[in-house]
Amino acid sequence: MDADWNALSDETQLAVTREALHRAADTIASQAEDLASEIDAGRLADRGGPDALRLFAALVRSRTRERLVPAGHC
């Protein structure tokens, strides 16, 4: 796998890496929202968690989009 990765251009490596980070952030945010839904449905104890999790999900999504911009070369 390393040989295949190293064969990619710097621009392609950056694009693939950015997309992987975006997908990871979306996964984390979705899991936070799912957990909030579990609390809302009464399957987990509510201690103020749903609002905090939704805020966290929104923060992850907004910060990730803002910060994952090209910042130089590989």
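Bear in mind that the values here come from a model prediction, so they are computed numbers and not experimental data.

**Considering the overall build of the protein**
Reasoning step 1: Of regular secondary structure, the protein possesses 3 helices and 0 strands.
Reasoning step 2: Along the protein, from the amino end to the carboxyl end, the secondary structure elements read α-α-α.
Reasoning step 3: A fraction of 56% describes how many contacts in the protein between residues 6 or more apart in sequence connect residues 24 or more apart.
Reasoning step 4: A total of about 5,500 Å² of accessible surface is found on the protein, and carbon and sulfur atoms cover 55% of it.

**Here's the deal with helix α2 (residues 10-40)**
Reasoning step 1: Compared with the 45 Å implied by 1.5 Å per residue over 31 residues, the 45 Å span of α2 between its first and last C-alpha is a close match.
Reasoning step 2: Just beyond α2, the residue with positive phi is G42, at close to 85°.

**Side note on the pattern of salt bridges**
Reasoning step 1: The final tally for this structure, using the stated rule, is 3 salt bridges.
Reasoning step 2: R23 is the partner of E19 in a salt bridge, and the nearest nitrogen-oxygen pair spans 2.9 Å. Taken together, the positions of E19 and R23, both in helix α2 and 4 residues apart, correspond to about one turn of that helix.
Reasoning step 3: Overall, the relative accessible area of 55% leaves R23 in the exposed class.

**What about the side chain of Q13?**
Reasoning step 1: Relative to the elements of secondary structure, Q13 occurs in helix α2.
Reasoning step 2: For Q13, a relative accessible area of 10% puts it in the buried group.
Reasoning step 3: In this structure the side chain of Q13 is engaged in a polar contact, spanning 3.5 Å, whose partner is the backbone oxygen of L8.

**Structural notes on the confidence of the model for the protein**
Reasoning step 1: Of all residues in the protein, 81% attain a pLDDT of 70 or more, and the chain-wide mean is 80.
Reasoning step 2: Taking the mean pLDDT of every element in the protein, the minimum, 76, falls on helix α3 (residues 49-67) and the maximum, 88, on α2.

About the cut-offs
- Residues numbered from 1 in each chain as written.
- Predicted model: local features only at pLDDT ≥ 70, side-chain atom pairs only at ≥ 80, totals over all residues.
- Heavy atoms only, no water.
- Helix = DSSP H or I, 4+ residues; strand = E, 2+ residues; numbered from the N terminus.
- Contact = heavy atoms within 4.5 Å.
- Areas by Shrake-Rupley, 256 points an atom, 1.4 Å probe, with all protein chains shown as cover.
- Expected span 1.5 Å × (residues − 1).
- Salt bridge = Lys/Arg side-chain N within 4 Å of Asp/Glu carboxyl O.
- Buried < 20%, exposed > 50% of the residue type's maximum accessible area, 1.4 Å probe, protein only.
- Polar contact = N/O pair within 3.5 Å; in protein donor to acceptor, adjacent residues only side chain to side chain.
- pLDDT = per-residue confidence, 0-100.

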